[in-house]
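# Structural overview
One-letter residues, chain by chain:
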Amino acid sequence: GSQMFIFTNASYLDDRTTFQCIVNIQQKKFMSNVTTISVLYRPVIGIPVVSGGYPNTSHTISLSIYANPNNYTVTWLRNNTEIKPDERVMTSNSSFNITSLQRDDNGTYTVVVTNTKGSTSVPFLIMVYEGPVFSKGKNATSIWTEMEEGKDGVLQCTVIKSYPKVTELVVIPDGENVNVIKVN
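The paragraphs below set out a description of the structure included in this document. (Residues numbered from 1 in each chain as written. Predicted model: local features only at pLDDT ≥ 70, side-chain atom pairs only at ≥ 80, totals over all residues. Heavy atoms only, no water.)

### Points about the packing of aromatic side chains
What counts here: Only rings of Phe, Tyr and Trp enter the pairing, Trp through its six-membered ring, and a pair is recorded when the two centres are within 6.5 Å. The plane angle decides the type: under 30 degrees is stacked, over 60 is edge-to-face, the rest tilted. Working definition: helices are DSSP H or I runs of at least four residues, strands are E runs of at least two. Numbering for both runs from the N terminus. Relative accessibility thresholds used throughout: buried, under 20% of the residue-type maximum; exposed, over 50%; partly exposed, between the two (1.4 Å probe, protein chains only).
Summed over the entire model, instances satisfying the criterion amount to 6 aromatic pairs. Here the aromatic rings of tyrosine 54 and tyrosine 129 are separated by 4.9 Å at their centres, their planes lie at 75 degrees, and the arrangement is edge-to-face. Here tyrosine 54, found in the loop between β6 (50–53) and β7 (59–62), pairs with tyrosine 129, found in the loop between β14 (118–128) and β15 (130–134); they are 75 residues apart in sequence, far enough to count as distant. Their ring planes at 90 degrees and their centres at 5.9 Å tell us that tryptophan 76 and phenylalanine 124 sit as a pair that is edge-to-face. Within this pair, whereas tryptophan 76 is found in strand β9 (residues 73–78), its partner phenylalanine 124 is found in strand β14, the two being separated by 48 residues in sequence. Of the two residues, tryptophan 76 and phenylalanine 124, both sit in the buried class.

### Looking at the environment of valine 74
Heads up, the condition is: We call two residues in contact when some of their heavy atoms are within 4.5 Å.
By secondary structure assignment, the location of valine 74 is in strand β9. Given the relative accessible area of 14%, valine 74 is considered buried. Remark: the alpha-carbon pair of valine 74 and serine 121, spanning 47 residues in sequence, is separated by 9.7 Å. Every residue in contact with valine 74, bar those within four places of it in the chain, is listed here: Leu63, Ile65, Ser92, Asn93, Val111, Val112 and Val113.

### A closer look at the nonpolar core
Which entries qualify depends on this criterion: Throughout, nonpolar core names a set of buried Ala, Val, Leu, Ile, Met, Phe, Trp, Tyr and Cys residues whose side chains join them through atoms within 4.5 Å.
With 20 residues, the main nonpolar core has Ile47, Leu63, Trp76, Phe96, Val111, Phe124 and Ile126 as its most contacted residues. Looking at this core, the elements with two or more residues in it are β8 (64–68), β9, β12 (95–98), β13 (107–115) and β14. Once you skip the residues sitting within four places of it in the chain, isoleucine 126 turns out to touch Ser51, His59, Ile61, Phe96, Ile98, Leu101, Asp105, Asn106, Gly107 and Tyr109.

### Comments concerning the pattern of salt bridges
So the rule is basically this: What makes a salt bridge here is a side-chain nitrogen of Lys or Arg within 4 Å of a carboxyl oxygen of Asp or Glu, nothing more.
If you walk through the whole model with that rule in mind, you get 3 salt bridges. One salt bridge connects glutamate 82 with lysine 84, and the closest N-O pair in it is separated by 3.7 Å. Judged by relative accessible area, glutamate 82 falls into the partly exposed class, the value being 43%. Relative accessible area serves as the criterion here: at 55%, lysine 84 is assigned to the exposed category. Notably, a salt bridge pairs arginine 103 with glutamate 130, separated by 3.2 Å at the nearest N-O pair. In this pair, arginine 103 is assigned in the loop between β12 and β13 and glutamate 130 in strand β15, connecting sequence segments 27 residues apart. Judged by its relative accessible area of 55%, arginine 103 falls in the exposed class.

### Focus: the sheet that holds β9
Strands pair in a sheet through their backbones, by hydrogen bonds, and they do so in one of two ways: parallel or antiparallel. The condition is simple: DSSP-based pairing: two strands are paired if at least 2 bridges between them are found.
Spatially, 5 strands are ordered β6-β14-β13-β9-β10 in an open sheet, and the strand pairing comes out mixed. The sheet terminates laterally at β6 and β10 (81–82), the two strands that pair on one side only. Pairing of β9 with β10, which is carried by 2 bridges, proceeds in the antiparallel orientation. The residue of β10 that forms the bridge with arginine 78 is threonine 81.

### Considerations on unusual backbone geometry
Cis geometry is adopted by the peptide bond preceding proline 69, which originates at asparagine 68 and carries an omega value of 10 degrees. Mapped onto the elements of the fold, proline 69 is located in the loop between β8 and β9. The backbone of asparagine 79 sits at a positive phi, close to 55 degrees, despite the residue not being glycine. With respect to the helices and strands, asparagine 79 occurs in the loop between β9 and β10. In this structure, asparagine 80 takes a positive phi of about 60 degrees despite not being glycine. Within the element layout of this structure, asparagine 80 appears in the loop between β9 and β10.

Here it is, written out as structure tokens:
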């Protein structure tokens, strides 16, 4: 009998690749049954590595997971401790949701996906935005300094804390945009 061997690198195959032998004998075609090769591999995770939102807003991190076998488990960690779902934090095999971001939610988290071929872990950062916080003027209720009619004066708008960083300041007297200052 005749034999034919096909050597291939599994990393070039899709999760399930089919093969079939075809033999020609005297211009007649003979075909074997189709054989499916299933490539097994540990999970590959797609996740945003940095994301954020403002306090008291909902924030969701969504996962893309590729794994074969695809019976995998997902574990969400913070400070190497498994996160337990509660009334504010919900986890699933495809997402992590905080229903009301708080300042103490800032930090690095890790998602670990495991199947029978191994585990993959990916750290990701959640940033809770803050600000801007304006400095107060002389009377502690206004951010503007006082001016005398007919004389030059200086308007002061100082942002003392903001995350993300302030990129522009806009001065708007009586609802008209007068000056936009780009901040580096």
